[in-house]
Structure formats: structure tokens, C-alpha cells
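Chain and residue survey
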Amino acid sequence: MSLFKNIAAIVAIAVAASLPTMWSNPYYIHLMVVIGIYAILLLGLDIVVGYVGEVSLGHAALFGIGSYTAGVLGHSLGVPFLLTIPASIVVTAIFGAILALPALRVNGPYLAMVTLAFGTIIQILINEMDFLTNGPLGITIRKPIYFGHHISSADYYYIVLAALVMTLFVVQRILKSHLGRAFEALHDSPIASDCMGVSVYGYKVYAFVLSAGIAGLAGGLFTYSEEYISPNTYNFELTILFLLAVIMGGRKTRTGPILGAIIIVMLPNVLSDIDLFRKIAVGIAAVTVAYSIYVIATKQRSFKQMALPLLATIALAVSGFYIQDITGQRLTIFGLMILFVVYYLPNGIMGFLRGILLRIRPQWIHRHEVILEHGDKQHVWSVPDHPVTARGNLLEARNIVMQFGGLKALNEVNLEVKKGTVHGLIGPNGSGKSTMMNVLTGIYKPTSGEIEFNGKHITGATPSSIAGEGIARTFQNVQLFGEMTAIENVLVGLHHTYRHSLLDVVFHTPRCRREKLAARVRAASLLQFVGLVDLASEEARNLPYGKQRLLEIARALALNPSLLLLDEPAAGLTAPDIKELIGMINKIRGHGITVILIEHHMDVVMSICDTVTVLDFGQKIAEGTPAQVQSDDKVIEAYLGGTAAA
Amino acid sequence: MLRINNLHAAYGKVEVLHGISVEVPQGKVVTLIGSNGAGKTTTMRAISGMIKPVSGSISLNGKDITGMSSSKIARAGLAHSPEGRRVFATLSVTDNLLLGAFPRLTFGRERGDVPGDLVRVFDLFPRLKERETQLAGTLSGGEQQMLAMGRALMLNPAVLLLDEPSMGLAPLLVAEVFRIIRELKARGITMLLVEQFAAAALEVADYGYVMENGRISVHGPAGQLKNDPAVREAYLGAAH
Amino acid sequence: MDVLAQLIESGIALGMIYALIAFGYQLTFATSNTLNFGQGEALMLGALVGLTLVGHMSYWLMLPLVLVFGAFQGVVVERIGVRPTLKTKSEFGWIMTTISLAIIFKNVAENIWGHDDLTFPSPLPQEPLVFFGVRVLPMEIMIVLGALAIMLAVEIFNRKSIYGKAVVATANDRDAAGLMGINTGLVITFSYALSSMTAAFAGVLIAPLTLTGATMGAVLGLKAFSVAIIGGLNSGMGVIVGGLILGIAETTTGYYISTGYKDVPGLLLLLLVLTIKPAGMFGKSVIKKV
């Protein structure tokens, strides 16, 4: 972190530490403790919601598991505070792994329902298993006693503050490391993720476990803070509140969760004071009216667009004067807030502020880490993780059949690729080339047939394990991690070079620093190789189409493959770019990497391929040197479209 | 008459069409050829409203249809038989064809003779008549292509867009498809044809545009383009 | 044995309610790839509105009015919660907006009808009929017939009318449907109207048999999602089978284990099915196009 950020953080911690002396009223101290506890949980929730990008409706339940672990151990078994808290973390993390199991192969609404089902089951279990949890009666516990001194609320504030600072530190370290990058990758493009060796299943579990462990910490601390816990605290309303907080505060930030925690803790207080609510509601309506007038007058928006927000805010203000007690409308307010945030503040308050800052002082905002390392020619190439032991054929695919329902996309295809060659795979659209590619990289499991790579059977293996064996690929429809920069994309490909552990990440050990540096130098070198070094800090989705395809090649090379599969690399490239591409492929072959090339550009295929296999309707119709294939009648008719108009 | 003027289109921030101008006169067959990735299908999608152009104009018989939704453009009389056929798999052949005439069956204007047109389409594609109650998803590739074309014809369109009708079809079926295109030409149907098989397309078309990297590189009467060596080499393969 | 038969019988009626709600999930998912996280609340509102109306008119007159209300509620959900989020490809948007609409509806219902559960007058005689030693309430027969009737009506609509075929076409391929001149936006609004309408209908069907209140919808909606998943979000038959399986599992669990745990089988089933076969028991897995 930069010097400015470090100083700001220290000042913030100092201010936070001095708060109990300013507001010594135990009611306020308790509020601040709850804010701190919620902030811890939200930092963990952000990993799932902000980085992996999924809606979790089960975090109140995880929070509850943490609370009850501490409660049961502390109350029934007399386990001390310093052990119950770590126990809460571990037990909740285990439940996080259990939750991850059904969540593995699903996403979006299915995953949200899984988390909701999980949360509901946990609440029922806590309520029903009264031999363990005391059921609806709840558990009472007191704060711990140390050296004869009973921890007071003010003391407990410092404990929670310490826990929050530690959590912030750990979460920041994790999310800024290659782990954070892996989480973002699996959200951006799960297929590319798997094919680059970042297993989507593995990292999903990782994210859930981390998030759950942190929720467990918050839960355990909560038990001692409240000194009484019961099942109906950890309900649907709480889980919605957590989601509202994390979205409104701002996802993918560290300050967002803290801001969100403040909002949701202070909200009920605002809502219970009807006068305060009326003032705020009228204020919001006034601002909306003023903003609408401005925006309609300057023609930025039409009246129709502003009609709904105007109606909603005025109705809210008016309703404030008819209702005596707003707490009964609590959930309606939450619902309206969620709607508001989803439509008008999708990046939360912090995101909104950053957007403003970006416009007036762009140099203060670093959306992505700026990487200063320079690359060079030596660092482009590296040794594959699994050395090539095969002598003749590096890859052998035998009798591959790929059937989708009634359609046979591949019909008994045999493919032998000799080590060190560039092997072309051509054929008309729909002939099965891309299907073959997907079968070789594990995206599809072949209906029958075997694949042997470097002497090892890889039929039916997952894409990430095949990537680990040394096969890398590019995609016909570009599958870059759009929101990451060019160099970050390559760094995902280098994920396999980060061998250090989670502890190394958190404590930034020398080993961690060494591997980071090596990877960055390597990534810069690879970008240099494909000619993208000037665009290293540009977001991948903003790159021109041709450059995106080159970036995919750089990313694939980062895997240290022994076999590189290129899917139409020349598509969308201009003639001079194509010449450079041919040169690149020659260099790749020169370094001992075998290449399988799918291409439509005949000149590319003919000039660099050693062997060419031709597919049509899922079957091999010809194979040989480029010249042989070019003059084969069957090929001319099927592919080059010579006499088709008869 | 379909007129496209200086069309620019993009996928996200990446511009893929850089100022395309094409004219399809009444009753003529115009073809758009070029290698994969040249932008042919993107042009078709921009015309039929599947994607919104960034700038430029498209007019159908004098009516400006730029930026309109695809359903409005269809109702204006532009039929699109899309790349990949995209028939409605769980509906029968007959239902697919009837849906092609949806605007005529529902909004009342210019109804015409829908049952009669259905009979005429079956005459053109006897194989579809044999399978009229079969679910479209179970048809072969060639039959689905027939269905997609027939479905587009059921609109009684002013202009018919055919996007890669020969894709993935065996040579015999490709010949069949082009025979039908010639038949439609004889009936005076205005068509814009995008094709991978440049040779066949130039045989049947009146006029041709060659696309390269999102731009028109060469255009002219089909007969002339057929014999232009540069076109031949780039799109028919260097072997020739 | 008699007890088991009785449990199965009440499980069937319960199961058909689940099937009907799940059917609603399928309708919107087919055409728009979205679903209403507040489907349970649509049921709840239908039941409560029906309760209010039934105080002034007969049950049979109330039915079509509740159906109209349900359709209207569906349009509101679609316009406010779904349509604006369809433009962004992320699912996050409509998941959160339909959840927020659900909690708003529930809160409003609590304020209008109160927090307590109310009884809904039964339109049919309360004495059970006896078939082979099994007691069957007339209302339960009506539930099964009513649910089947409405699902059949939608099926016929889809098969016979050109508008129905347009809906199926949109479900098959939204872009291609647009090319036919079909206003796919309107189709999506319509499917939401239909979906909430069937949920409201389910609400007035089940209300006479259970307690009616603002909280009745939430867990029903979640469990019906289990059924929709088991049935596969694109298969019509599957929801009936799934609903019956769940209904019977719940009545038997409630009796043999304990009523506190009766909601658990449905939820566990959901987790189990999604772990093993994410596309559901009858669903077709989507082939990734790379």
C-alpha cells in the first residue's frame, strides 16, 4: 500500500481507538461493538458477493453457527474465551465447506437458493436440537475474566477493534494476492479459469471456507458481546440486512463493509425515531426533486425516466406523516433501499465516491495495481512442470466419439501429434474442429475413445488438471478476464508458479515476495514477446480485437505448456499482424513447444504447419503435408468450395 | 430495396464494422462474401435489429429502420434466416412455419393468404411436407435449413436475408439450397445472401460485396468478381 | 398401513400446491432465464386478497378476481424488478430486486392484514369423504383438480393458439423469436403475469386448509423451488412428479419424526439434487458453447 494509504489507515485506527473515551455511554459503545462485529462479517461476505460474484443468502446462518459454537463451548463446557473464538472460526469454516459442496456446480439463482436452503436448515436445526443449543430458550454467557478483572463493554470494544483490524489486514493481503485474482478470474470467465489451471471448484470452496471462517469469528465475538443468543436472531431478515450492507457500502472495497455496517446498525435507530425519519424522508424527496428538475432541464434525462424515483421519494415523505411508528415498516424500507442501490448505486457508496474522485482527480485512483517490473527476452521461456518424456507422438487421440443427444459431432476421429511440430486442424464450419479442441482440453468428456498425452491417459480429466499436465489453449470466442488488465490476465496464467501458502500470503514472507517478483518479470516478458508491453495496464475488454487474441497467446504461454492449442489465432488480424503471428508460432516451435493450430486462413496453415489434418462432418477426410492436403480432391470439394454450386 | 449507408457496429467497446455501405435493389440477389471474422454475420445482425448499430443508417423501401428492435423490423417486412438456422426445436415444422407469419396472423394488417402461402412453401420444400408434424429439433441440418428459409418466406417479406445457408451441410444439400435460392430469384424475391462458399454465391448473385476486417474491400457485378484473381485467391484458397 | 395411506393422500394435495408454484417458476425461467424470488409472496397476496374478497362475495366469484389481481401483481414485479435488470447480463440484479420486492410485499401485507394467522372459510363441506379407509377432504380434491386444470389450460394455450406458440418460441430462442416479429419483451411480461396468477390461484386453493397470513409464502416458495429444480426448470411433467415426491416426504417426516423438522426433507432434497445433478432430475444439461 502506498504511504498515503498507510498513514490514513493508522490515523483511522487511532481515531477508532479513541472513540470510547469520547462517547462513553454504554449504549453507544455497544452499538460500536456491533458495528465492528458486522464489519468483520461483511469483509468475509464481500469475498463471496464482491469477488466471486454470487448472492449468498446463508451468511446469517454461518454467523449463527459461529455464535452457537462459542455459546455452547463456553456455557456448557466451560471452554475459555481464547479457545472458543478460534473454535468458532474453525467450525464455521467447516460448515462453509459443507455449504460449498452443493454450490460447486451451480451459480446465479441456483446458488442463491442453495445458500437460502442451507440457512433455513441451520436455523431449524439450531431451534430443534435443544439438547445441544437449548433451543428457543437460548444460551446465556458472560464476558471473560482475566487477571481478576471482568472484561467490561469498553474493554470488549478494544478486543473487537483489534479483531477488526486483524481481519482487515488478512483480507486485504489475501485479496490483493494471486488468490484474490483467482477469485475474480472464476467470476469473469469460469471456462478460461479452469483452462488456465485455476480450478473453479477448488477456488469456490476456498472462497466459501474463508468467508465462513470470518463469519464464524464475527459470530463468536457476537455471543460475548450480547451475552445472550437465541435462534431467531439468525434469520432471513438478518441475511438480507448483510447483503444490503455489503452492496450499499460498496463491493470489492475494504471501507465499503465498514460503511455498510454503520448504516445497518444505525438504521433501526433512525427508524424508531419518527421525527428523524420524517426529516430524512423529506430531505431525500427535496434532493430528488431538485436533481430531477436539473437533469430534465439540461435534457440529460426525460420526465418519464425520473417519474418513478420522484413518485417513490415523495410517497415516502408523505407516508412519514401518516404513520406513527416506522419500525413496522422496517422491511419495506430495507426493500426500497435494495432497489435503490441496485438501480442507482450498483457500486455502492464507496464506488460512487470513487467514480466522482476518478473524474476530478484520476491520478488518485488506482483501479488496478500498477506493475513496474520490466521483462526481457530470457524470461519468456521456462521449463514445463512436467517434462516431456514421450519420444514420437506427444499426443494421441484414439477413436474419439463425441455425441450430443442425436448429433455426432466427432465420429471415430484419430489424431496423432508428433513432438515439436506444428499440426494444423482444418475443416469447414461445423466440422468438429472446436469440439475436438474442447475434448482435448477436458471441457467435454468424450462419449468414447482415449486420449494419451506425454504417455499419460487424460481422457475425462478436468480442464484444470489437463492444464497442469502441460496443455494450454486459446479460445475462438475470446475468453479473457475482461475487467483485469493485460498483465493481470497473464498473471492468472502464471498462477501455477505461486507455490507459497496462505500464511506466506498473509505475512508477506520473503518466499511470497520472491515468487511474486518472478511472476511479474515473467508476465512482462511474455507481453513483450507478443508485442503488448505498452498496453500492459489496459483493461483487457478495452483492447482491440486483434490484440486480445495475442493476449490470449501470452496467457497460454504462461502455463509453461508442452502443447499449445491455438483456436483461430489469426481471426480478425490484418495482413502485417498475421506475418508477426507466423513468426511468433515459429519461435514457439523453436523452443520445443508442440502446437495444434485451428485456422481458416489458408496462408497461415500452409506456411507453418508440418502436418495438416482435415475434418468434415466430424470425420477425418485427409491428412498429410500442407501441399498434399491442398491438392486432395476431397478437401477441395468439402472445404474450399470449388464445385459446390453444381 | 434495402439501403445500408456507412454502418458502424461494435461488440461492447470493440468496433467491428467500420462504415459498411450496401445496396440491395428490388428483385435482385446481392451477396456478401469474405473470410471468417470479416464481419458478414455482424452486418446481417445489425440490419435485422439483433444488434444496435453505433452509427449509420438502414432503410427498407424508403422507411428508416436504423436502431429499431428486431420484432419491429420484421413487422416492417424484413425476414432474416439466421446463421445456425435457429429453428424452434420444441415446436413442429408447421408451427415453425406459421410463426414465420406471426405479424400477418396477429396484427391484422396485410394478412394475405397465410394458409395458401403455407401450401406454396411446402411445394418448394417437399421434404418439409413429409415431416410437417415432426418436432423441428429432430430434423437434420439440411432439413432445418429448409425450414429456416421457409419460415422466413412465410413473412412474405420485402427483403429476405439469408445468413450462411450452406454452413455445415453436405455438398449435395448445399447444391439443393442453391437450387432453391435460384428458384426464389426466379420468383423475384429480393435477397441479401451471406455465404462462406464464395464460388456458389457468386454463381447465383447479381452483385457482390467482398468484406475484409469490417470493411468492404471490393464490390461489383457478380460475374466480374468471380473472375477477379485477388478475390479468388483470398477467399477460394491459394490452391486455385 | 392406514396411517401411511392417509399420509400419502395429504401429501398428494400438498404436493400439487408445490407443483403449481414450481410451474410458475418454470414459466418465467423458460422465457427470460429469470425467476421470481418472491413467488411465495405472490401466493400469499393471492390468499389474503381472496380472504378479503370472500367476506363480500362467494368463493367462486372471488376466484377470477384473484386471478386478475395475481396477473397484475406479476406485471408489477416484472416491470419494477426484472425488466430494468435484463439489460445487464448479470443475474445479481434481478435476484436482489425480486428478493426486495418480496420483503416489501410481505411487510405491506403484515401492515394491512396484521401479523396473526387468519382462517379462510372453506367453499366446500368440511366433512371428509372416505375411500378405502382413507379420509379425503373435498377441498383436497379441488386442489388436485384445480392445479391440474390450470396447468392443462396453459399447456393447451401453448399448443393451440398462435400466441401460445409465440411464447414457446421465445422460450426456445429469444433472438430468433424477435426475428419473427414477436415482441419478446411483452412475452416476458405475460409470462410473469401468468406465473403470479398461478401462484395466487394456489394461494386461494390452499388457504382453506392451512392458516392464512403474511408469513405463509416464504417457505412454500423455497420448497417449490426444490420441486422446480427436481423437475428440471424446463420440463413440465417433472414438476408434478417432484411435487408429489416432496409432498409425501414432508407428511411422512412430519408424522414419523417431528413437526419441527418437517421442512427439512424439501430443503435437503434441493441440496442433494443440486450436488448430484445440477440440471435437475428431468432437466437437460446445457452444453457449453466455447
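See the structure printed just above.
Residue positions are given per chain, counted from 1 along the sequence in the order it is written. Chains carry letters and ligands carry numbers; both start at the beginning, A for chains and 1 for ligands, and go up in the order they are written. Per-residue local features are limited, in this predicted model, to residues with pLDDT of at least 70; the limit for side-chain atom pairs, both in listing and counting, is 80 or more; totals at the level of whole chains, interfaces and linings are taken over all residues.

Considering the overall build of chain A
Helix and strand assignments follow DSSP, with helices taken as H or I runs no shorter than four residues and strands as E runs no shorter than two, numbered in order from the N terminus. The helix and strand inventory of chain A stands at 26 helices and 14 strands. By its C-alpha atoms, chain A is 90 × 65 × 55 Å across when sized along the principal axes. Here exposure depends only on C-beta density: within 10 Å of a residue's C-beta, 20 or more other C-beta atoms make it buried, 12 or fewer make it exposed, and intermediate numbers make it partly exposed, the C-beta atoms being placed from the backbone. Counting the 646 residues in chain A, one finds 48% classified as buried.

So, the overall build of chain B
Across its full length, chain B holds 11 helices and 10 strands. On C-alpha atoms alone, chain B measures out to a radius of gyration of 17 Å, which is about the 18 Å that the 2.2 N^0.38 rule sets for 240 residues. Projected onto its principal axes, the C-alpha positions of chain B cover 45 × 40 × 30 Å. For every residue pair, C-beta atoms are placed from the backbone, and the pair is scored as a contact if these atoms sit within 7 Å. In chain B, of all internal contacts separated by at least 6 residues, the share reaching a separation of at least 24 is 65%. Between the two quantities, the radius of gyration covers C-alpha atoms and the globule rule is 2.2 Å times the number of residues to the power 0.38.

Some points on helix α13 (residues 274-297) of chain A
Residue and element names in this part refer to chain A. The terminal C-alpha atoms of α13 lie 34 Å apart, and with 24 residues this matches the ideal 34 Å at 1.5 Å per residue to within 8%. Those residues of α13 lying buried are Phe277, Ala281 and Ala285. Tucked into the core, α13 has its buried residues touching α12 (255-272) and α14 (303-322). Residue lysine 299 follows α13 closely and has a positive phi angle near 65°. Multiplying 1.5 Å by the residue count of a helix minus one yields the expected span of that helix.

Considerations on the interface of chain C and chain A
Contacts between chain C and chain A engage 33 residues on the former and 37 residues on the latter. A total of 14 residues in the side of chain C that touches chain A trace back to one element, the largest contributor, which is helix α4 (residues 92-113) of chain C. Polar here means any residue other than Ala, Val, Leu, Ile, Met, Phe, Trp, Tyr, Cys and Pro, which are nonpolar, and Asp, Glu, Lys and Arg, which are charged; Gly is therefore polar. Across the side of chain C that touches chain A, the residue classes break down as 22 nonpolar, seven polar and four charged.

What to know about the packing of helix α4 (residues 81-103) of chain A against helix α5 (residues 109-128) of chain A
Each pair of packed helices can be described by the angle between their axes along with the distance between the axes. Residue and element names in this part refer to chain A. Close contact between α4 and α5 brings their axes to 9 Å; oriented N to C, the two are set at 140°. Of the possible angle classes, the one that applies to α4 and α5 is oblique. Here α4 runs over α5; the crossing is right-handed. Residues Leu99, Pro102 and Ala103 of α4 form the contact with α5, whose own contacting residues are Leu111, Val114, Thr115 and Phe118. Residue composition of the contact of α4 with α5, by class: six nonpolar, one polar and no charged. Axis definition: a line fitted to C-alpha atoms, over the contacting stretch in the case of helices. Angles run 0 to 180 degrees between N-to-C directions. Should an angle fall under 35 degrees it is taken as roughly parallel, and over 145 as roughly antiparallel, whereas 65 to 115 is taken as roughly perpendicular and any remaining angle as oblique. Here a crossing is called left-handed whenever its near helix is offset anticlockwise from the far helix by less than a right angle, and right-handed whenever the offset is clockwise.

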